[in-house]
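Survey of secondary and tertiary structure
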Amino acid sequence: MNTSKVIDGKAAAARVLASVKADVSKLKSDGIEPALAVILVGQDPASQVYVRNKILRAEEAGIRSLEYRLSAETPQAELLKLITELNDDHSINGILLQLPLPAHIEEALVLQAIAPGKDVDGFHSENVGGLSQGRNVLTPCTPSGCMQLLEDACGDLSGKHAVVIGRSNIVGKPMAALLLKAHCSVTVVHSRSVDAKALCRQADIVVAAVGRPRMIDSSWLKPGAVVIDVGINRIEEDGRSRLVGDVDFDSALPQVSAITPVPGGVGPMTIAFLMKNTVTAALQQFHSRQAHAQQSTTQSSPSEAVCLSIS
Ligand code: GUN
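1. Focus: the environment of N277
Relative to the assigned elements, N277 resides in helix α10 (residues 266-295). Residue classification places N277 among the buried residues on the basis of a relative accessible area of 9%. For the pair N277 and I55, spaced 222 residues apart in the sequence, the C-alpha separation amounts to 14 Å. Once you skip the residues sitting within four places of it in the chain, N277 turns out to touch V120, L138, T139 and C141.

Here it is as structure tokens:
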């Protein structure tokens, strides 16, 4: 358990990445080279930074990365064709399509085109459904990172009341599903909630993912609450540009038992879990190809199977 009040997301991400790196080198020694394809459509400045960081972290972890930068005018059919090619390419284990997409591309449709087994974002309906049923599927990276931080800070989450602020497909909904899987009582607060603040004040755990700078101050928090701030909002203050979370950190700090800062909290964990998902996908694909090969050959016996596992 972490004893510091300010949760160090960079250190936690470094631990995850170190374990991923060890897994990658084990897989490589068994002849498996995990590979991640990252697709960026258009020139959104924040997305360009995120994609660059994803490629860098992949390289550091020993994961082969392929970057596809498409123009903002790329027709949807062309993007779908690329996704199909990557789905069919056995040397690619994970496919990440950076969001947001240009307005002419139907997000739900193209995300659904990614093979569920390569969907390292966990956005395909098969993975979303699997998560809501509590199955072991590829799970969205930011909520997975938040869960790791919560488990590091609190240990067992069972029986805790968690309030998730925000109901996006990327964070709020999968976060609620993961907290439920960890045996929390979960409340999702959103723009139509009646007295969101009163609901939030009941929470042992608050996960803020609304995208509104410093919306949650100490008056929203029960004394001793654990706060995970997913917001990354750029604001102009005192004549300079800076990043702040959805939580007013200075106001919240004296009230809470633990809190993530922005930056340096959840952000690094998202990328670390993308790498972890890529390795998981590579291993699952290896095992499923092996099972297929065994089914289609009469000579093989179970003892001939290569059995690999990672931490
Ligand atoms: N844009 C912002 N967050 C994410 C994410 O987690 N995955 C993808 N693909 N795009 C994003």
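2. Comments concerning the site of the ligand
As a structural note, the neighbourhood of the ligand is formed by L96, L97, Q98, L99, D121, F123 and I170. Within the backbone of L97, an N or O atom sits 2.8 Å from a nitrogen atom of the ligand. Here a nitrogen atom of the ligand and a side-chain polar atom of Q98 are 3.3 Å apart. Against a free-state accessible area of 280 Å², the protein chains account for coverage of 82% of the ligand. In this structure the site holding the ligand corresponds to the largest pocket. Looking at the shell around the ligand residue by residue, the class counts come to five nonpolar, one polar and one charged.

3. Some details on helix α7 (residues 172-181)
Of all the ten residues making up α7, seven are buried; the element is thus mostly covered by neighbouring parts of the structure. If you check which residues of α7 are buried, you get G172, P174, M175, A176, A177, L178 and L179. Lining the buried residues of α7 we find α5 (125-132), α6 (141-154), β4 (161-165), β5 (185-189) and β6 (205-208). Backbone geometry just after α7 places H183 at a positive phi near 70°.

4. Some details on the packing of helix α2 (residues 45-61) against α10
It is the contact of α2 with α10, at a shortest axis distance of 10 Å, that shows an interaxial angle of 55°. As summarised for this structure, α2 and α10 are arranged oblique, according to the angle between their axes. Crossing of α2 against α10: the hand is right-handed. Contacts from N53, K54, R57 and A58 in α2 reach I271, L274 and M275 in α10.

The rules behind these values
By convention here, each chain's residues receive numbers from 1 onward along its written sequence. The model is predicted, so local features are restricted to residues of pLDDT at least 70 and side-chain atom pairs to those at 80 or more, both for listing and for counting; the totals for chains, interfaces and linings are taken over all residues. Derived side-chain values reflect all non-hydrogen atoms in the structure, with water molecules and hydrogen atoms excluded from consideration. Only DSSP runs of H or I reaching four residues or more are called helices, and only runs of E reaching two or more are called strands; each is numbered from the N terminus. Summary of the burial criterion: residues with accessible area below 20% of their type's maximum are buried, those above 50% are exposed, and those between are partly exposed, where the area comes from a 1.4 Å probe applied to protein chains only. Only heavy atoms enter the contact rule, under which two residues are in contact if any of them lie within 4.5 Å. Definition of nearness: a residue and a molecule or strand are near each other if at least one heavy atom of the residue lies within 4 Å of the molecule or strand. Side-chain atoms alone can form a polar contact between residues adjacent in sequence; in general such a contact is a pair of N or O atoms within 3.5 Å, and within protein one must be able to donate a hydrogen while the other accepts it. Areas reported as accessible are Shrake-Rupley estimates using a 1.4 Å probe. Residue values count occlusion only from the protein chains shown. Here a cavity denotes grid points, spaced 1 Å and computed from the protein atoms alone, that fit a 1.4 Å probe unable to get out, and a pocket denotes an open set having protein on both sides within 12 Å along at least 5 of 7 lines; residues with an atom within 4 Å of a point are the lining. Molecule-in-pocket calls rest on the fraction of atoms, with more than half required to lie within 2 Å of the cavity or pocket grid points. When residue character is reported, Ala, Val, Leu, Ile, Met, Phe, Trp, Tyr, Cys and Pro are called nonpolar, Asp, Glu, Lys and Arg charged, and the others, Gly included, polar. Only the stretch in contact is used when a helix axis is fitted, and all axes are lines through C-alpha atoms; the angle between N-to-C directions ranges over 0 to 180 degrees. What sets the label is the angle itself: under 35 degrees gives roughly parallel, over 145 gives roughly antiparallel, 65 to 115 gives roughly perpendicular, and the rest give oblique. By definition, turning the near helix anticlockwise from the far helix through less than a right angle yields a left-handed crossing, and turning it clockwise yields a right-handed one.

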